[in-house]
Amino acid sequence: PVFDLLISDIDSDGKMDIITAGNFDPSKPELGAYKAMPLSIHLQKEKNKFTSFIPPVPSGEIRTIQKITILKKEYILAAYNGDKLRAFQIHAMTH
């Protein structure tokens, strides 16, 4: 499941992109875990047409994400369930 999403122009092309965050481990055994992706990026290339990919981030359950800027570099701050906050540089994920 998706627990949070962020809409922002993360690749600086003037088009709004989408980042989703999720995963859920403690489900009933008969249903299985929901571990499709902790983070996914959807870059808008044309109006309402997106290119999607899963960036190389640690697995786990991300509950919320926020875009932050540190020393003129943009990051996604991810809050992992029962774990520490992690920051991922946006430029590194999209290029």
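What counts and how
- Residues numbered from 1 in each chain as written.
- Predicted model: local features only at pLDDT ≥ 70, side-chain atom pairs only at ≥ 80, totals over all residues.
- Heavy atoms only, no water.
- Helix = DSSP H or I, 4+ residues; strand = E, 2+ residues; numbered from the N terminus.
- Buried < 20%, exposed > 50% of the residue type's maximum accessible area, 1.4 Å probe, protein only.
- Phe/Tyr/Trp six-rings, centres within 6.5 Å; stacked < 30°, edge-to-face > 60°.
- Lys NZ or Arg CZ within 6 Å of the ring centre and 35° of its normal.
- Pairing = 2+ DSSP bridges.
- Axes fitted to C-alpha atoms, helices over the stretch in contact; angles between N-to-C directions.

Peptide bonds are, in most cases, trans, and in most cases residues other than glycine have a negative phi. A positive phi angle, near 60°, is found at Asn-48, a position not held by glycine. You can see Asn-48 is positioned in the loop between β3 (39-46) and β4 (49-53). Look at Asn-48 and you get exposed, because its relative accessible area is 59%. With a phi close to 65°, Lys-72 is a non-glycine residue in the positive phi region. Inspection of the secondary structure assignment puts Lys-72 in the loop between β5 (62-70) and β6 (73-80).

Turning our attention to the packing of aromatic side chains. Taken as a whole and judged by the stated rule, the model has zero aromatic pairs. The ring of Phe-3 carries the charged tip of Arg-63 above its face, separated from the ring centre by 3.9 Å.

On the basis of which strands lie adjacent, the open sheet formed by four strands has the order β1-β2-β3-β4 and antiparallel pairing. In this open sheet, the two edge strands, each paired with only one partner strand, are β1 (2-8) and β4. In this sheet, neighbouring strand axes are inclined to one another by 20° on average, regardless of whether the strands run parallel or antiparallel. Inspection of the sheet shows strand β2 (residues 17-22) paired to β3 by four bridges, in the antiparallel sense. Counterpart to Thr-20 in the pairing with β3 is Ser-40.

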